[in-house]
Structures are given as structure tokens and as C-alpha cells.
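Single-letter residue listing:
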Amino acid sequence: MSETTEQEPPVLWLKAVERSYKQGEAALDILKGAEFAVWPGESVALIAPSGTGKSTLLHIAGLLEAPDAGEVYVSGVATSGMADSDRTRIRRTEIGFVYQFHHLLPEFTALENVMLPQMIRGLTKKEAKTRAGELLGYLGLAERLNHRPAELSGGEQQRVAIARAVANAPRLLMADEPTGNLDPKTADHVFSALTQLVRASRLAAVVATHNMELAARMDRRVTIRDGLVVEL
Ligand SMILES: Nc1ncnc2c1ncn2[C@@H]1O[C@H](COP(=O)(O)OP(=O)(O)OP(=O)(O)O)[C@@H](O)[C@H]1O
């Protein structure tokens, strides 16, 4: 765990989270009281075998899905009793998402892809452009601002996706196999860029990965066992 964490509340805190799915008449208990917290500036690898509940956990932690029981605190705020619109607002302002595939808009340039979420949030075009340029520059893409996704390499596309995810300065970054589609060397570069950004911006990051080498470079590693989150 990184220093500093004692006084600050966790950015994400899952408390006694339960989630079951119906399977015919039976209930399939996936999360059975899971506890999980991530602090500012800390990166945590989630290494969970297929079917153990990785997606379920990421969806609940990312406020895309509500738990059956338990509570999800984001920056100290309990989210379970909230109206959907409030939960969506917290998701949009506090959480950034990166997926295995970049999902960039093909007709827009790298710069425009990073500007868009900011403009949707109400920043002026000029403000959005400045921040997008800075972020892309930080991620080593200063020479690629006006390229469309198809004109970028896989690693470059994924770095643009990372810039887009943090464009609105979220406090939590959720990444699901962010390097899963890249060759090992490119994965290494993208991963380094991501962890550097997490530390520099004091984000809390949860990165689901099957890559043990990359997971070893994060602050902590957790898995899901018998419906609980356990440290590795
Ligand atoms: N909507 C649903 N209805 C019924 N069962 C579900 C539903 N969603 C997931 N499950 C089941 O719950 C279990 C956990 O699902 P989850 O998607 O969280 O797994 P996962 O660990 O992310 O797996 P993978 O890495 O293969 O995507 C699986 O056995 C899955 O079949």
C-alpha cells in the first residue's frame, strides 16, 4: 500500500457486498460479503479466474450495477440509497473507465476524443483542448494529437483511451484488461504510462488483469475467493 493513506478516506470502499444471480430455481451466490477498499494514489491489481465474479465486482464498484446487500462508498459517500440519476452523476464525475478495446470514436482525432467528455461536462472548447493536449503530451502522444484512431498503433490508441478516461479528473480509475489486446512490449509501455499517471494524479486504480508480471508492479494484488475479496 502506498504511504499517506492513513488519514484520508478510501476513494472506493465496498462494505459487505453481496450479489447473487438466479439460475433457474437456484441462486448463484457470487459475492458473499466482499470487503474491498482503495486509497488515493494506490493501484490494485484484481486477478480473478474466469467465473469468480470479476465483472460483477467491477460493475458494482463502478456503480454500473447495485449490490443486493452491502454498501459502496465513493469518496466517503454511500451510493446504495441514491436515485439512479445521482449514482450516474457520481459515476461520471468520480470514475474513469478503460476497457480491453479502446472504444474511441473513429471519426474524431485523438485530441477530440479526449476533449469530448470534458465538453459534455460543460467545459469550453478551449479549456478542453488545453487539458486534452496536456494529458496526451504526458502520455507521450504530443506528435499524434491530430491522428484518428485508425492512424494510431494499438498502444497509442490505448493511451488515448486512458487520457479520455481521466479527462474529467476522476478520483477512481477502473480498468478491465487494459493491455489484454496488446503485444507484451506495448502492454509494458501502456501499463507504465497508466501507473505513472495514477501516481502523479493521486488516483485510486483498480486494474483487472491476467498478466502477473504487470500485476507484480502494482501496489497490491487481490483476487476473489469464495465470494470474498482476498489479498494475494
Ligand atoms: N446476469 C446474470 N445472470 C445469471 N448468472 C450470471 C449473470 N451474470 C453473471 N452470471 C454468472 O455469475 C458468475 C460470475 O460472473 P462474472 O461475469 O462476474 O464472471 P467473471 O469472473 O468476470 O468471468 P470472466 O472473466 O469469464 O468474464 C458466472 O458464473 C456467470 O455465469
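What counts, and at which threshold
- Residues numbered from 1 in each chain as written.
- Predicted model: local features only at pLDDT ≥ 70, side-chain atom pairs only at ≥ 80, totals over all residues.
- Heavy atoms only, no water.
- UniProt positions renumbered as here; feature names shortened; annotations may be inferred.
- Helix = DSSP H or I, 4+ residues; strand = E, 2+ residues; numbered from the N terminus.
- Pairing = 2+ DSSP bridges.
- Axes fitted to C-alpha atoms, helices over the stretch in contact; angles between N-to-C directions.
- Contact = heavy atoms within 4.5 Å.
- Phe/Tyr/Trp six-rings, centres within 6.5 Å; stacked < 30°, edge-to-face > 60°.
- Buried < 20%, exposed > 50% of the residue type's maximum accessible area, 1.4 Å probe, protein only.
- Core = buried A, V, L, I, M, F, W, Y, C linked by side-chain atoms within 4.5 Å.
- Near = heavy atom within 4 Å.
- Polar contact = N/O pair within 3.5 Å; in protein donor to acceptor, adjacent residues only side chain to side chain.
- Areas by Shrake-Rupley, 256 points an atom, 1.4 Å probe, with all protein chains shown as cover.
- Nonpolar A, V, L, I, M, F, W, Y, C, P; charged D, E, K, R; others polar.

Chemist: I tried to follow the UniProt feature "domain: ABC transporter" (unreviewed entry) in the protein on my own but got confused; where do I start?
Modeler: When the UniProt feature table is mapped to this numbering, "domain: ABC transporter" (unreviewed entry) covers residues 12-232. Between the C-alpha atoms that bound residues 12-232 there is a distance of 19 Å. The span itself is 35% helix and 28% strand.

Chemist: What's the story with the sheet that holds strand S7 (residues 172-176) in this structure? I'm lost.
Modeler: Within a beta sheet, neighbouring strands are joined by backbone hydrogen bonds and run either parallel or antiparallel to one another. Read across the open sheet, the six strands follow the order S6-S7-S8-S3-S9-S10; overall the sheet is mixed. Where the open sheet ends on each side, the last strands, each with one partner, are strand S6 (95-98) and strand S10 (228-231). Strand-to-strand twist of the sheet, defined as the mean angle between neighbouring strand axes without regard to direction, takes the value 25°. Strand direction decides the pairing type here: S7 and strand S8 (residues 204-208), joined by five bridges, are parallel. Bridged to leucine 173 within S8 is alanine 205. Running at roughly 165° to S6, helix H5 (residues 154-165) makes contact with S6 and S7 of the sheet.

Chemist: Explain the sheet that holds strand S1 (residues 12-23) to me, please; I cannot follow it from the model alone.
Modeler: If you walk across this open sheet you meet the four strands as S2-S1-S4-S5, and the pairing is antiparallel. Each having just a single partner strand, strand S2 (26-38) and strand S5 (77-78) make up the two edges of the open sheet. Here S1 runs beside strand S4 (residues 69-74); their pairing, made up of five bridges, is antiparallel. Residue pairing across strands places lysine 15 opposite glutamate 71, the latter belonging to S4. Each of S1, S2 and S4 is contacted by helix H1 (residues 54-61), which is oriented at about 130° to S1, the strand it contacts most.

Chemist: Is there a simple way to think about the packing of aromatic side chains in this case?
Modeler: Within a pair of aromatic rings, the relevant descriptors are the distance that separates the centres and the angle that separates the planes. Per the counting criterion, the structure on display carries two aromatic pairs. Summarising the aromatic geometry, the rings of tryptophan 13 and tyrosine 73 are spaced 4.7 Å apart at their centres and angled 20° between planes, so their arrangement reads as stacked. Taken as a pair, tryptophan 13 in strand S1 and tyrosine 73 in strand S4 lie far apart in primary sequence, 60 residues in all. With a relative accessible area of 31%, tryptophan 13 lands in the partly exposed category. Seen in terms of ring centroids, phenylalanine 97 and tyrosine 99 are 6.2 Å apart; in terms of plane orientation they differ by 5°. Their pairing is stacked.

Chemist: Would you mind showing me how to read the nonpolar core here?
Modeler: Proteins that are soluble and globular tend to have nonpolar side chains buried together. Counting 38 residues, the largest nonpolar core has Val114, Leu135, Leu136, Val160, Ile162 and Leu173 as its most contacted members. When contributions to this core are tallied by element, the ones reaching two or more residues are helix H3 (110-120), helix H4 (125-138), H5, S7, helix H6 (184-200), S8 and helix H7 (212-215). Counting residues per element, this core draws most heavily on H6, which supplies seven residues. Residues within four places of leucine 173 in sequence aside, it is in contact with Gly96, Phe97, Val98, Ala165, Val166, Leu194, Val198, Leu203, Ala204, Ala205 and Val206. Within the second largest apolar cluster, 31 residues are counted, among which are Leu58, Val72, Val74 and Ile224.

Chemist: How do you make sense of the site of the ligand when you look at a structure like this?
Modeler: Taken together, Tyr21, Lys22, Leu28, Ile30, Pro49, Ser50, Gly51, Thr52, Gly53, Lys54, Ser55 and Thr56 make up all the residues around the ligand. One of the backbone N or O atoms of glycine 51 is found 2.9 Å from an oxygen atom in the ligand. In this structure, threonine 56 approaches the ligand through a side-chain N or O atom, which is 2.6 Å from an oxygen atom. When the free accessible area of the ligand is taken as 630 Å², the share hidden by the protein chains comes to 57%. Among the secondary structure elements, those contributing two or more residues to the shell around the ligand are S1, S2 and H1. If you tally residues by element for the shell around the ligand, the top one is H1, at three residues. Here the residues of the shell around the ligand are counted per class, giving four nonpolar, six polar and two charged.

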